[in-house]
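Understanding the architecture of this molecule
This is what each chain is made of:
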Amino acid sequence: LPQSSPDLEISVLIPVLFERTPRISPRELRRRLLELRDSVQTCGEILIAPFGPGVDRSHPFWAICEEFSEAQIAPTAGRSLALREAYLLSRGRRLWIHRIEEGVLPFFFAQADLEVAENRAQLIIATRRLADSRFRVPVRDLGLTYGRHRFGQILQAIVRSLFGLS
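Residues numbered from 1 in each chain as written. Predicted model: local features only at pLDDT ≥ 70, side-chain atom pairs only at ≥ 80, totals over all residues. Heavy atoms only, no water.

So, on to the pairing of strand β2 (residues 44-51). Most of β2 sits inside the fold, with eight of its eight residues counted as buried. Side-chain alternation along β2 places Gly-44, Ile-46, Ile-48 and Pro-50 on one buried face and Glu-45, Leu-47, Ala-49 and Phe-51 on a second face that is also buried. The handedness of the strand β1 (residues 8-17) to β2 crossover, carried by helix α1 (residues 26-40), is right-handed. (Buried < 20%, exposed > 50% of the residue type's maximum accessible area, 1.4 Å probe, protein only. Helix = DSSP H or I, 4+ residues; strand = E, 2+ residues; numbered from the N terminus. Right-handed = clockwise from strand over helix to strand, strands pointing away.)

Structure follows, in C-alpha cells:
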C-alpha cells in the first residue's frame, strides 16, 4: 500500500521510457505533461517514474521529468517496477495511469472519472488511438491484422467476464 494516506483526489502515475532514440520528442513530452498538469492542478499530483536502458541525468527527458514530477522516483529497469515505485509514493484516492507516448488526451481522464462517479464503470481502459489516426495495412497482411484484432476482442471478453466488468 502507499506510504501515506490519500489526501488528494488524483494521482497520475506516468512511467516514462528513457531510450537512446525516444519515441516522442522532448518538446512533445513537455507539451503532454503541461496538458496533464493543467487538468489535475488543483486536485492531484503527477508522479513520473523513469525506466529503461537509457535512464541518466544526461538524457533530454531527465530535466523535464524533474520539473513535472511531485516526487523523486528512483529509475528502474522495467515499466512494472517503475509503476510500483510511483504507486507507493502516491497520495491520491484515484489513480490515473498514463503511457505518455500513446497520446491519450487529458479530457479522457475527466470523462472516465464521470463514468466511475456515476457507477457505470469500475475500470476504464483507453484505446491507444486518437480519433484522427489512420491504420494502414497492406492487403496481404489483412488476415494477420484481423486475427490479432479478434484475439484482442476475445481476450477482452474473457477479462470482463472474469472480473465482472461491463
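Right, let's talk about the sheet that holds β2 for a bit. Taken in spatial order, the three strands make up an open sheet running β2-β1-β3, and their pairing is parallel. Only two strands of the sheet have a single partner each, and these edge strands are β2 and β3 (92-97). Pairs of neighbouring strands in the sheet enclose a mean axial angle of 25°, with direction left out of account. The pairing of β1 with β2 spans eight bridges and is parallel. Counted as the bridge partner of Ser-11 is Glu-45 from β2. Strands in contact with α1 are β1, β2 and β3; relative to β2, the strand with the most contacts, it is inclined by about 150°. Contacting β1 and β3, helix α4 (residues 107-117) runs over the sheet at an angle of about 130° to β3. (Pairing = 2+ DSSP bridges. Axes fitted to C-alpha atoms, helices over the stretch in contact; angles between N-to-C directions. Contact = heavy atoms within 4.5 Å.)

In contact at an axis separation of 10 Å, α1 and helix α2 (residues 60-68) are set at 10° when each is read in the N-to-C sense. Taken together, the axes of α1 and α2 are roughly parallel relative to one another. Each of Pro-26, Leu-29, Arg-30, Leu-33, Leu-34 and Arg-37 in α1 lies in contact with α2, whose residues at this interface are Pro-60, Phe-61, Ile-64, Glu-67 and Phe-68. Tallied by class, the residues present in the contact of α1 with α2 amount to eight nonpolar, no polar and three charged. (Parallel < 35°, antiparallel > 145°, perpendicular 65-115°, else oblique. Nonpolar A, V, L, I, M, F, W, Y, C, P; charged D, E, K, R; others polar.)

Pairs can form between side chains of opposite charge whenever their charged atoms are close. Counted according to the given criterion, the structure contains 14 salt bridges. Across the pair Arg-91 and Glu-45 runs a salt bridge, and its minimum N-O distance is 3.3 Å. In this pair, Arg-91 is assigned in the loop between α3 (79-89) and β3 and Glu-45 in strand β2, connecting sequence segments 46 residues apart. For Arg-91, a relative accessible area of 29% gives the class partly exposed. (Salt bridge = Lys/Arg side-chain N within 4 Å of Asp/Glu carboxyl O.)

Attention shifts here to the nonpolar core. Grouped together as the largest cluster of nonpolar side chains are 21 residues, with contacts concentrated most on Val-12, Ile-14, Val-16, Leu-33, Ile-48 and Ile-100. Of all the secondary structure elements, the ones that give two or more residues to this core are β1, α1, β2 and α2. Element by element, the count of residues in this core is highest for α2, at five residues. If near-sequence neighbours (up to four positions away) are discounted, Val-12 is found in contact with Leu-36, Val-40, Glu-45, Ile-46, Leu-47 and Trp-96. (Core = buried A, V, L, I, M, F, W, Y, C linked by side-chain atoms within 4.5 Å.)

Time to look at empty space enclosed by the protein. Evaluated as defined, the whole model comprises two cavities of 30 Å³ or more. Computed from the structure, the largest cavity encloses a volume of approximately 80 Å³. If you go around the largest cavity, the residues you meet are Phe-18, Ile-48, Pro-50, Trp-62, Cys-65, Glu-66, Ser-69, Ala-71, Gln-72 and Ile-73. Those elements that provide at least two residues to the lining of the largest cavity are β2 and α2. Ranked by residue count, the leading element in the lining of the largest cavity is α2, at three residues. Class assignment for the residues of the lining of the largest cavity results in seven nonpolar, two polar and one charged. Of the pockets and cavities examined, the second largest cavity occupies roughly 70 Å³. Val-16, Leu-17, Glu-19, Pro-22, Arg-23, Ile-24, Leu-29, Phe-61, Ile-100 and Glu-101 are the residues that line the second largest cavity. Class assignment for the residues of the lining of the second largest cavity results in seven nonpolar, no polar and three charged. (1 Å grid on protein atoms, 1.4 Å probe; cavity = no way out; pocket = protein on both sides within 12 Å on 5 of 7 lines; lining within 4 Å. Points joined across faces, edges and corners; volume = space filled by probe spheres on them.)

The quantities given are spatial measurements derived from coordinates; they are silent on function.
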